[in-house]
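Examination of the molecular architecture
One-letter residues, chain by chain:
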Amino acid sequence: MCFSLIFVYIFVHCMQTGLLATIAVDLLISIALPILHRVSRHHVYVLLISIPSLLYGLLTVVFGFIVTDDEPINMCNPPSALVEKVKNPWYFVALAAGAVTVLSYVLAYVTLLYNHKRHANQPQDLARKSMRTLSIILLIFLFTRYTTTIGANVLNMANVNADAVALYQNYSVFMAMLCYSQNFYVTFWRSTEYRKYLWHQHMRLHNFLFGRCCPFTSTTRNVFSIPHTHCKSDHTSLTPI
């Protein structure tokens, strides 16, 4: 019963795990191979790098339905809703995806550091800021999602008491939720350009839905450091004053 209620969430959870690694790989490619990253056809590129995450989610849900049972569980969440035959591979793939994430971020950081030293006589403000941002993202990932994933795999391999393992897995979900949202908040905090585009996106959506500008525009302008805007009658365009 639990699995049938939250299988969509389980699929999204798997997609999050895979896409977190995909974002890290994409970042590495954009830094190490910028020309290839720019000339690639975006739709094809995004589709190709998203396929592993999609397969991970689909296979987990399909096999989850095939082997699900009616055994009582303490909490209805992704680890507990999966039977052991699905849960163990699910955790192993999450561990592998985490390793790819860590490796990609480390290589991206090393590449930035190398370029920083190689072009030491040129302005390096952007590179330094990028390295600090990468460091924060990597540390949060290591001490939230990846640490708990390693712990879950170690407990499974060590044949620890099943109740203790289930308790650990149930509450490790909170660390995963914290990790999956951190890319947005860290980038929002560190990037003025990201804040500007996010604000424009929000304004467009708000204007489309409600036909007028957000009432808190004037109080937010100083925070985001972007021009004040007003709405056109078509509800889709923003024109700086």
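Every chain is numbered independently, its residues counted from 1 as its sequence is written. Only residues with pLDDT of 70 or above have their local features reported here, since the model is predicted, and side-chain atom pairs are shown and tallied only from 80 upward, although totals for entire chains, interfaces and linings are computed over all residues. For the side-chain quantities, the full set of heavy atoms in the structure was used; hydrogens and water were omitted.

Another aspect to go through is the overall build of the chain. Every helix listed is a DSSP run of H or I at least four residues long, and every strand listed is a run of E at least two residues long, numbered separately from the N terminus. For the chain, the helix and strand inventory stands at nine helices and two strands. Tracing the chain from N to C terminus, the helices and strands come up as α-α-α-α-α-α-α-α-α-β-β. To sort residues, take the accessible area from a 1.4 Å probe on protein chains only and compare it with the maximum for the residue type: under 20% means buried, over 50% means exposed, and anything in between is partly exposed. Looking at the chain residue by residue over its 241 residues, the buried ones come to 37%. By the convention used here, residues are in contact when the closest approach between their heavy atoms is within 4.5 Å. Considering only contacts in the chain between residues 6 or more positions apart, those separated by 24 or more positions represent 67%. By element, 68% of the accessible surface of the chain is carried by carbon and sulfur atoms, the whole surface being about 14,700 Å². The accessible surface values rely on the Shrake-Rupley method and a 1.4 Å probe; as for residues, cover is taken only from the protein chains in view.

Turning next to the UniProt feature "transmembrane region" (unreviewed entry) in the chain. UniProt positions are given in the numbering used here, feature names are shortened, and annotations may be inferred rather than shown by experiment. This chain's UniProt record puts "transmembrane region" (unreviewed entry) on residues 6-33, 45-68, 88-114, 134-155 and 167-188. Split by type, residues 6-33 is 96% helix and 0% strand. Its first and last C-alpha atoms lie 39 Å apart. Strand forms 0% of residues 134-155 and helix 100%; the C-alpha atoms that close the span are 30 Å apart.

So, on to the pattern of salt bridges. A side-chain nitrogen of Lys or Arg and a carboxyl oxygen of Asp or Glu constitute a salt bridge if their distance falls within 4 Å. Taken as a whole, this structure holds one salt bridge when the rule is applied. Across the pair Glu84 and Lys87 runs a salt bridge whose closest N-O atoms are separated by 3.4 Å. One end of the pair is Glu84 and the other is Lys87, both in helix 5 (residues 84-118) and three residues apart, which spans about a single turn. For Glu84, a relative accessible area of 46% puts it in the partly exposed group.

Next up on the list: the state of the cysteines. Any cysteine sulfur atom paired with another within 2.5 Å is treated as part of a disulfide. Inspection of every chain in the model, using the stated rule, returns one disulfide. Residue Cys2 pairs covalently with Cys76 via a disulfide, S to S 2.0 Å. Classification of the bridge connecting Cys2 and Cys76 rests on its S-S torsion, roughly 105 degrees, and on that basis the disulfide is right-handed. One end of the pair, Cys2, is in helix 1 (residues 2-32); the other, Cys76, is in the loop between helix 3 (42-67) and helix 4 (78-81), with 74 residues separating them in the sequence.

Look at helix 1: 44 Å from first C-alpha to last across 31 residues, which is about the 45 Å you get at 1.5 Å a residue. Axes are fitted to the seven residues ending at a residue and to the seven starting at it; the angle between these axes is taken as the bend at that residue. The largest bend along helix 1 reaches roughly 45 degrees and is located at Val8. Given the number of residues in a helix, its expected span is that number minus one, multiplied by 1.5 Å.

Our next topic: the packing of aromatic side chains. Only rings of Phe, Tyr and Trp enter the pairing, Trp through its six-membered ring, and a pair is recorded when the two centres are within 6.5 Å. The plane angle decides the type: under 30 degrees is stacked, over 60 is edge-to-face, the rest tilted. What the rule picks out here adds up to four aromatic pairs. Taken together, a centroid distance of 4.9 Å and an interplanar angle of 70 degrees make the contact between Trp90 and Tyr91 edge-to-face. When sorted by exposure, Trp90 lands in the same class as Tyr91, which is buried. Considering the side-chain rings of Phe141 and Tyr146, the 5.7 Å spacing of their centres and the 15 degrees angle between planes classify their relative orientation as stacked. Taking the relative accessible area as the measure of exposure, Phe141 reaches 3% and is therefore buried.

The subject of this paragraph is the packing of helix 1 against helix 5. Fitted lines through C-alpha atoms serve as axes, helices being fitted only where they are in contact, and the angles separating the N-to-C directions of these axes extend from 0 to 180 degrees. Two elements in contact, helix 1 and helix 5, have axes whose closest approach is 8 Å; the angle formed by their N-to-C orientations is 20 degrees. As far as their axial angle goes, helix 5 and helix 1 are roughly parallel. Crossing hand, helix 1 versus helix 5: left-handed. On the side of helix 1, the interface is formed by His13, Cys14, Thr17, Leu20, Ala21, Ile23, Ala24, Val25, Leu27, Leu28, Ile31 and Ala32, while helix 5 contributes Trp90, Ala94, Ala97, Val100, Thr101, Ser104, Tyr105, Leu107, Ala108, Thr111 and Leu112. In this classification, Asp, Glu, Lys and Arg are treated as charged, Ala, Val, Leu, Ile, Met, Phe, Trp, Tyr, Cys and Pro as nonpolar, and every other residue, Gly included, as polar. In terms of residue class, the contact of helix 1 with helix 5 is built from 18 nonpolar, five polar and no charged. Each angle is binned into one of four classes, with values under 35 degrees roughly parallel, values over 145 roughly antiparallel, values of 65 to 115 roughly perpendicular, and all other values oblique. For any helix crossing, the convention is left-handed if the near helix is rotated counterclockwise from the far helix by under a right angle, and right-handed if that rotation is clockwise.

What follows covers the environment of Val25. Topologically, Val25 is positioned in helix 1. With a relative accessible area of 28%, Val25 lands in the partly exposed category. For the pair Val25 and Ile49, spaced 24 residues apart in the sequence, the C-alpha separation amounts to 8.8 Å. Those residues in contact with Val25, other than ones at most four positions away along the chain, are Val100 and Ser104.

A contiguous nonpolar surface patch, about 830 Å² in accessible area, is contributed by Val44, Leu47, Leu48, Ile51, Leu55, Leu59, Val62, Phe63 and Ile66. Tracing the backbone through its elements, the reader meets Leu59 in helix 3. Overall, the relative accessible area of 46% leaves Leu59 in the partly exposed class. Within the patch definition used here, like charges are joined within 9 Å and nonpolar side chains (Val, Leu, Ile, Met, Phe, Trp, Tyr) within 5 Å, considering only residues with over 30% relative accessible area and no salt bridge.

Moving on: the confidence of the model for the chain. Low pLDDT marks regions whose predicted coordinates should not be analysed in detail. Averaged over the chain, the pLDDT score is 78; the fraction of residues at 70 or greater is 83%. One confidence number per residue, pLDDT, is output by the predictor and ranges from 0 to 100. Across the chain, the element-wise mean pLDDT spans from 30 in strand 2 (residues 238-240) up to 91 in helix 3.

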